[in-house]
Amino acid sequence: MSAPLKPLPGTSDIWPPEVYEWLELEDAARRVFPLYGYEELRTPVIERTELFVHGIGDQTEVVQKEMYTFEDRGGRSLTLRPEGTAGVMRAVAGLGLSSGEERRVFYLGPMFRGERPAAGRRRQFHQVGVEAVGRKSPAADAECILMLLHYLEAVRVRDARVLLNTRGTAEDRRVASEVYRKYFQARIDGMCEDCRRRAGTNVWRILDCKEPQCQEAIGAAPEMLGLVAGESRAFFREVLNVLEACGANYTVAPRLVRGLDYYEHTVFEVVHDGLGAQNAVAGGGRYRLFLPGQKAPVEGVGFAAGLERLILVRQALEVRAPVREDIDAYVVCLGAAALRVGLALSVKLRRCGLRVLCELGGDRSMKAQMRSANKAGARFALILGEREVADQVVTCKAMRTAEQTERPLAELPEWLTAAVATAASRNNK
RNA sequence: GUGGCUGUAGCUCAGGUGGUUAGAGCGUCUGGUUGUGGCCCAGAAGGCCGUGGGUUCGAGUCCCAUCAGCCACCCCA
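As the structure is a prediction and not an experimental result, all values here were calculated from the model.

Visitor: Just checking my understanding: could you explain the protein's contact with RNA strand B for this structure?
Guide: As a matter of local geometry, RNA strand B sits amid 46 residues, with Arg121, Arg198, Arg205, Gly259 and Met399 nearest to it. Within 4 Å of the protein, the atoms of RNA strand B are drawn from sugar and phosphate moieties in a proportion of 55%. Between Gln404 and RNA strand B, the recorded distance is 2.7 Å, taken from a side-chain N or O atom to a base oxygen. Mapped onto the surface near RNA strand B, the elements with two or more residues apiece are β6 (124-133), β10 (280-289), β11 (298-306), α14 (366-375), α15 (386-391) and β15 (393-398). Taken together, the residues that form the surface near RNA strand B break down as 16 nonpolar, ten polar and 20 charged.

Laid out in structure tokens, this is it:
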């Protein structure tokens, strides 16, 4: 493909048959989440930049170097959303949530981050996500994770692992980051260049560094669960208790930190080994998010799952969405007069819910038209030649069996509806 | 932003050490006597060999640059 016709790097056109994978994932979201009382919310893809800077945190990687930010004509700074939570929270807060009121929403759509594309990582990628706002309880966190597992099951993703950790409260993290800072500064000599920098700026990131020379120090580092206050620990333990009571498998991952500042208490990730380097299919947690101009933070729990990654996992598992519904009939027309009759017939059949392709050329040979019928996967070829038009009949050929009968034109909708139904039921046996 | 791999037909790919009009399979289209698809047979269309420069009598092939794609790091979905 020549350059001007190619989609931008990190973006792609989604054609059949892949688009059917997307439909299945989207349909499953719209089916499963409402079972838990969630309703769909659609927010804009573009927001004021400050929403993300405040909401996600100005020290995060996402905000610092991955956002698509630009000025509009009025000189305002706008940004293509890099994640879903901030926009959803803006919308929810804008509604005016009274205290004690709950709100459960899910969303579906494109997100944008200016990264170098790789397997399972795109600049425009797509997430389905949920947010449950207004109830702080371990059960809410657990239910959120259970719903995610339900969704994964619905989209036939097996063998996914749930990783869980706690980040405690803001106060817990203040205490803990002091501990980590001292701990890593004492061991900084053997560690990689990035971690030396992080020891000053962002100690949390050290915890999921993959450099071999850092592993020893990281492995021996104190665990977050041991550093948080008793109340935070109890909260986390209760999340685990509920998960256990509901029969969910999970692994506590003391190194799990996540990259967005708004998380606190429960954080989780769902990973899958079928993915390669980008092995997270979904992630989320409990959050307190400060919106611009608001005194009180919005609290909730939620997750986002990456559709591209779910599709990759499904490929690894050899799960495929049903590809294409076959065409019920192809109308073969010989000559201009037949073509007019054929088009009229096609429209009538489609109004009966039948999938019909009609020849549009008129001057193509019958052989060529039959080839098209075959290529389209048509169950029936409906043949209209001079003779049929004169007699007001249609020659109906069943493509699988090559059986052929002639029917009055007027009876065709009824006849074909029945014929397709019996052919379909025979096929299912 | 850093590194590795790869760019030949719509797709998947062949094209030893440079040497005439660049090939195959699949796909597409047409035909194989009147109005019948799938298999088979015949034929056709379709390529500035990613782009630019260099070496050479001669470059798809060697060298340099550049662009694009893929993958990895970083980070995350």
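Visitor: I would appreciate a short explanation of helix α1 (residues 18-32) in the present structure.
Guide: Think of an α-helix as 3.6 residues a turn; residues three or four steps apart then line up on the same face. In this model, α1 (15 residues) spans 22 Å end to end at C-alpha, consistent with the 21 Å of a helix rising 1.5 Å per residue. Within α1, burial applies to Glu21, Trp22, Glu24, Leu25, Ala28, Ala29 and Val32. The buried side chains of α1 occupy one side of the element, clustering within an arc of 160° when seen end-on. Residues of α1 that are buried sit in contact with β5 (103-112), β6, α5 (138-154) and α12 (307-316).

Visitor: Help me understand the sheet that holds strand β12 (residues 329-333), please; the structure alone is not making it clear to me.
Guide: Paired through their backbone hydrogen bonds, the strands of a sheet run either parallel or antiparallel. Strands sit in the order β13-β12-β14-β15-β16 across an open sheet of five strands; the sheet is mixed. This sheet does not close on itself; its edge strands, each paired only once, are β13 (356-358) and β16 (404-408). If you compare each strand with its neighbour and ignore which way they point, the axes differ by 25° on average. Looking at chain direction, β12 and β13 are connected through three bridges and run parallel. Each residue of the ladder has a partner; that of Val331, found in β13, is Cys358. Where helix α13 (residues 336-351) meets the sheet, it contacts β12, β13, β14 (380-384) and β15, and its direction lies at approximately 165° from that of β13. Of the strands in this sheet, β12, β14 and β15 are in contact with α14, which crosses β12 at around 170°.

Visitor: Would you mind showing me how to read the nonpolar core here?
Guide: Taken as a class, soluble globular proteins show a tendency for nonpolar side chains to be buried jointly. Of all hydrophobic cores here, the largest spans 47 residues; its most connected members are Phe33, Val130, Tyr151, Leu164, Leu243, Phe303 and Leu310. Not counting residues up to four positions away in its chain, the partners in contact with Tyr151 are Leu25, Ala28, Ala29, Val32, Phe33, Val128, Leu307 and Leu310.

Visitor: Would you mind showing me how to read the domain arrangement of chain A here?
Guide: When the parts of a complex come together, some accessible area is lost, and that lost area is often taken as the interface size. When its domains are assigned, chain A resolves into domain 1 (3-169 + 228-316) and domain 2 (329-418). Computed over C-alpha atoms only, the centres of domain 1 and domain 2 are separated by 50 Å.

Visitor: How do you make sense of the sheet that holds strand β4 (residues 77-80) when you look at a structure like this?
Guide: Reading across the sheet, the three strands line up as β2-β4-β3 and stay open at both edges, with antiparallel pairing between neighbours. Because the sheet does not close on itself, it has two edges, and the strands there are β2 (46-48) and β3 (68-71). For this sheet the average axis-to-axis angle between neighbouring strands, irrespective of direction, equals 35°. Judged from the three bridges that link them, β2 and β4 form a sheet pairing that is antiparallel. Looking at the pairing, Ile46 lines up with Leu80 of β4. Contacting β2, β3 and β4, helix α2 (residues 49-56) runs over the sheet at an angle of about 75° to β2.

Visitor: Looking at this structure, how should I read the packing of α1 against α12?
Guide: Between two packed helices, what matters for the description is the angle formed by their axes and the separation of those axes. Where α1 meets α12, the closest approach of the two axes is 10 Å, and the angle between their N-to-C directions is 110°. Classified by the angle their axes make, α1 and α12 are roughly perpendicular. Considering how the two elements wind past one another, α1 and α12 form a crossing that is right-handed. Each of Glu18, Glu21, Trp22, Glu24 and Leu25 in α1 lies in contact with α12, whose residues at this interface are Leu307, Glu308, Leu310, Ile311 and Arg314.

What counts, and where the lines are drawn
- Residues numbered from 1 in each chain as written.
- Chains lettered and ligands numbered in written order.
- Predicted model: local features only at pLDDT ≥ 70, side-chain atom pairs only at ≥ 80, totals over all residues.
- Heavy atoms only, no water.
- Near = heavy atom within 4 Å.
- Polar contact = N/O pair within 3.5 Å; in protein donor to acceptor, adjacent residues only side chain to side chain.
- Helix = DSSP H or I, 4+ residues; strand = E, 2+ residues; numbered from the N terminus.
- Nonpolar A, V, L, I, M, F, W, Y, C, P; charged D, E, K, R; others polar.
- Expected span 1.5 Å × (residues − 1).
- Buried < 20%, exposed > 50% of the residue type's maximum accessible area, 1.4 Å probe, protein only.
- Arc of directions from axis to C-beta.
- Contact = heavy atoms within 4.5 Å.
- Pairing = 2+ DSSP bridges.
- Axes fitted to C-alpha atoms, helices over the stretch in contact; angles between N-to-C directions.
- Core = buried A, V, L, I, M, F, W, Y, C linked by side-chain atoms within 4.5 Å.
- Domains from an automatic or database assignment.
- Parallel < 35°, antiparallel > 145°, perpendicular 65-115°, else oblique.
- Left-handed = near helix turned anticlockwise from the far one by under 90°.

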